[in-house]
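# Descriptive structure summary
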Amino acid sequence: MNKKDVANIRKQFKINNDLLKISDIYNVYIMKDSSDIYHHESQPFAMLDQDQQELFMGNFKKLLAGQMDEKLFELKFQRNAENSSQLILHQGLLSNDVEDWKEQMLKIVGKMLLNRQYEMDIVVTFIRAEYLKPTKRRNEEAEESERDRVYSHPFILCSINNTQEPKKELLFDYVEREFKYHFVVDPIINLNAPIAGFLFPAFTDNSADVNHILYSAGKVHEPDYSFIEDVLNGEEIMTAQDDKIVFEEIIKDVTGDQLNTSTLANVYEEINRMIVENEEEEQPKLDTKDVERVLTMSGIEDINTEKVEAAFQKIIDDDKYEIKASNILPKFSSKSIKISTKIANISISPQDLRYVKQVHLAGKRYLMIEVEEDTVIEGFTMIPEAFGGSSNE
């Protein structure tokens, strides 16, 4: 799944949307101390009152929020995994019987309980639903409605949420005219910040892919690797941060850690061009040949296949590894590159990086920024000076 696929299904989670049909919701309450199922119940989603539906819809949207490879991860299922979650979820997806579907979901919960003991009571929520996507855009002149033909996407979504201790409060009773101590015993389910979850199957364009599952982490850059491998039986993943580190280390190894800002700006521009040219297709990945081409096109000399393959093998122990281009490129149109010094912190966009240089003069290092206009500080225009001396000199 790419960000467009996720956005398409995420925006469907709203009340009275005829393109999203949620048939059942199943809540499982797990105690923190014993890791036992304290209570579980299911009901048709339509039987919830509207306020409850809106709470869950907001929860599901939050679960699917975030960037790919940072908070959302498409996982490929392990082959021949014991007690395979892929098989469990697929059976649940195909089941027409509510009790059978619940039984399959309890198997997933059972794997969660084997995996860890939670610090707080948690609630695991499952829904089974169907997303209907029109096959074509609406044509005002045609008699046929855009919704006369739709793609049907059945799916299971799971959201895992912490509970919060109820607050102890002091209330004022207007009738009795007295202050009262108020304490609610029942725990509060925090639906505003799901700690994990998943969507099965993954979707690409208009096709379901039961060999992949979309996993959602609770926090950015903090996937739960144990949950991924032991509960979902997903293969090992590389986060966007991992890809960025691997790319940086490969570039340092190939270039001998000698790269000026102009050349680095060229590297970023070349990668951005690849992304733009493939915007409507699968997001581009860089293998050893792509990295070699990017560095060569960026003006770096003495680059060859052997050097790049050796760097891949040295850094990641796999000369066949492919790096996602979007993971290694700072946001191109914003000031996403941070330059930090003891004197000042500067933010700059990748395309403007070529105007920044570090230079040496009289045994000192200077950060030089090329500008086209006068620089104004607190309303005062700076006086131009010749580098290393006065402007007259």
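Placed above this text is the structure.
Residues numbered from 1 in each chain as written. Predicted model: local features only at pLDDT ≥ 70, side-chain atom pairs only at ≥ 80, totals over all residues. Heavy atoms only, no water.

### Regarding the environment of H39
The cut-off we apply is this: Runs of E in the DSSP output that reach at least two residues are strands. Runs of H or I that reach at least four are helices, and both are numbered from the N terminus. Polar contacts, as counted here, are pairs of nitrogen or oxygen atoms within 3.5 Å of one another; within protein the pair requires one atom able to donate a hydrogen and one able to accept it, and residues that are adjacent in sequence qualify only if both atoms are side-chain atoms.
On the secondary structure map, H39 appears in strand β2 (residues 37-44). Polar contacts involving the side chain of H39 include one to the side chain of E41, which spans 3.1 Å.

### Some remarks on the side chain of S84
Basically, it comes down to this: By the convention used here, residues are in contact when the closest approach between their heavy atoms is within 4.5 Å.
Note on placement: S84 falls in the loop between β3 (72-76) and α3 (85-94). A polar contact is formed between the side chain of S84 and the backbone nitrogen of L87, at a distance of 3.3 Å. The residues touching S84, leaving out its near neighbours within four places in the chain, are K111 and N233.

### Concerning the pattern of salt bridges
Selection rule: The rule for a salt bridge is simple: a side-chain nitrogen of Lys or Arg has to be within 4 Å of a carboxyl oxygen of Asp or Glu. Exposed residues in this analysis have more than 50% of their type's maximum accessible area, buried residues have under 20%, and partly exposed residues fall in between, with area computed by a 1.4 Å probe over protein chains only.
The full count for this structure, using the stated rule, is 13 salt bridges. Close ionic contact of E270 with R273 constitutes a salt bridge, the shortest N to O distance being 2.5 Å. With a gap of three residues between them, E270 and R273 both fall in helix α7 (residues 261-277), about one helical turn apart. With relative accessibility at 10%, the residue E270 sits in the buried group. Assessed through its relative accessible area of 32%, R273 is described here as partly exposed.

### Things to note about helix α2 (residues 50-63)
Note the threshold: What a helix is expected to span follows from its residue count: subtract one and scale by 1.5 Å.
Along its 14 residues, α2 runs 20 Å from first to last C-alpha, staying within 8% of the 20 Å computed at 1.5 Å per residue. The backbone nitrogen of D51 has a side-chain oxygen 3.2 Å away, supplied by the residue at the start of α2, namely D49.

### Structural notes on the packing of aromatic side chains
One pair of aromatic rings is described through two measures. These are the centre distance and the angle between the planes. Short version of the rule: Here is the rule: rings of Phe, Tyr and Trp (six-membered ring for Trp) pair when centre to centre is within 6.5 Å. Planes less than 30 degrees apart are stacked, more than 60 are edge-to-face, and the remainder are tilted.
For the coordinates displayed, the defined rule picks out 11 aromatic pairs. Measuring from ring centre to ring centre gives 5.7 Å for F13 and F60, while their planes differ by 65°; the resulting arrangement is edge-to-face. Of the two residues, F13 is situated in the loop between α1 (3-10) and β1 (20-30) and F60 in helix α2; the sequence distance between them amounts to 47 residues. Across this residue pair, the class does not change: F13 and F60 are buried. Grouping aromatic residues by their ring pairs yields a cluster made of F13, F56, F60 and F155.

### Overview of the packing of α7 against helix α8 (residues 288-297)
Inclusion rule: Fitted lines through C-alpha atoms give the axes, limited to the stretch in contact for helices. The angle between two N-to-C directions lies from 0 to 180 degrees. Convention used here: angles under 35 degrees read as roughly parallel, angles over 145 as roughly antiparallel, angles from 65 to 115 as roughly perpendicular, and any remaining angle as oblique. In this scheme the handedness of a crossing depends on how the near helix is turned from the far one: anticlockwise by less than a right angle means left-handed, clockwise means right-handed. Amino acid classes used here: Ala, Val, Leu, Ile, Met, Phe, Trp, Tyr, Cys and Pro are nonpolar; Asp, Glu, Lys and Arg are charged; the rest, including Gly, are polar.
Running from N to C, α7 and α8 point in directions that differ by 130°, and their axes come no closer than 8 Å. When the axes of α7 and α8 are compared, the pair comes out oblique. When you trace α7 past α8, the crossing you get is right-handed. Of the residues in α8, those in contact with V267, E270, I271, R273 and M274 of α7 are R293, V294, L295 and M297. In terms of residue class, the contact of α7 with α8 is built from six nonpolar, no polar and three charged.

### Thoughts on a nonpolar patch on the surface
To keep things clear, this is the line we draw: A patch consists of residues exposed above 30% relative accessible area that lack any salt bridge, with like charges linked at up to 9 Å and nonpolar side chains (Val, Leu, Ile, Met, Phe, Trp, Tyr) linked at up to 5 Å. Using a 1.4 Å probe, the Shrake-Rupley method yields the accessible areas, and only the shown protein chains count as cover for residues.
On the surface, L170, F172, Y174, F179 and Y181 cluster together into a nonpolar patch covering about 710 Å² of accessible area. For the nonpolar patch, the secondary structure elements donating two or more residues are β6 (168-173) and β7 (178-183). Structurally, the position occupied by Y181 is in strand β7.

### A few points about a negative patch on the surface
Put simply, the rule is: Charge assignment: positive for Lys and Arg, negative for Asp and Glu; neither His nor the chain ends contribute. Each charge is placed at NZ for Lys, CZ for Arg, CG for Asp and CD for Glu.
Judged by side-chain charge, E370, E372, E373 and D374 come together as a negatively charged surface patch. With respect to the helices and strands, E373 occurs in the loop between β18 (364-369) and β19 (376-377).

### Thoughts on empty space enclosed by the protein
Test applied: Grid spacing is 1 Å over the protein atoms alone, the probe is 1.4 Å, and a cavity is where that probe fits but cannot get out, while a pocket is an open set with protein on both sides within 12 Å along at least five of seven lines and lining residues have an atom within 4 Å of a point. Grid points are joined across faces, edges and corners, and a volume is the space filled by probe spheres set on the points.
This model, assessed by the stated rule, comprises one cavity of 30 Å³ or more. Put simply, the largest cavity is a space of about 60 Å³. M1, D5, N8, I9, Y131, K133, H153, F203 and D205 are the residues that line the largest cavity. Only α1 and β4 (122-134) provide two or more residues apiece to the lining of the largest cavity. The residue inventory of the lining of the largest cavity, partitioned by class, reads four nonpolar, two polar and three charged.

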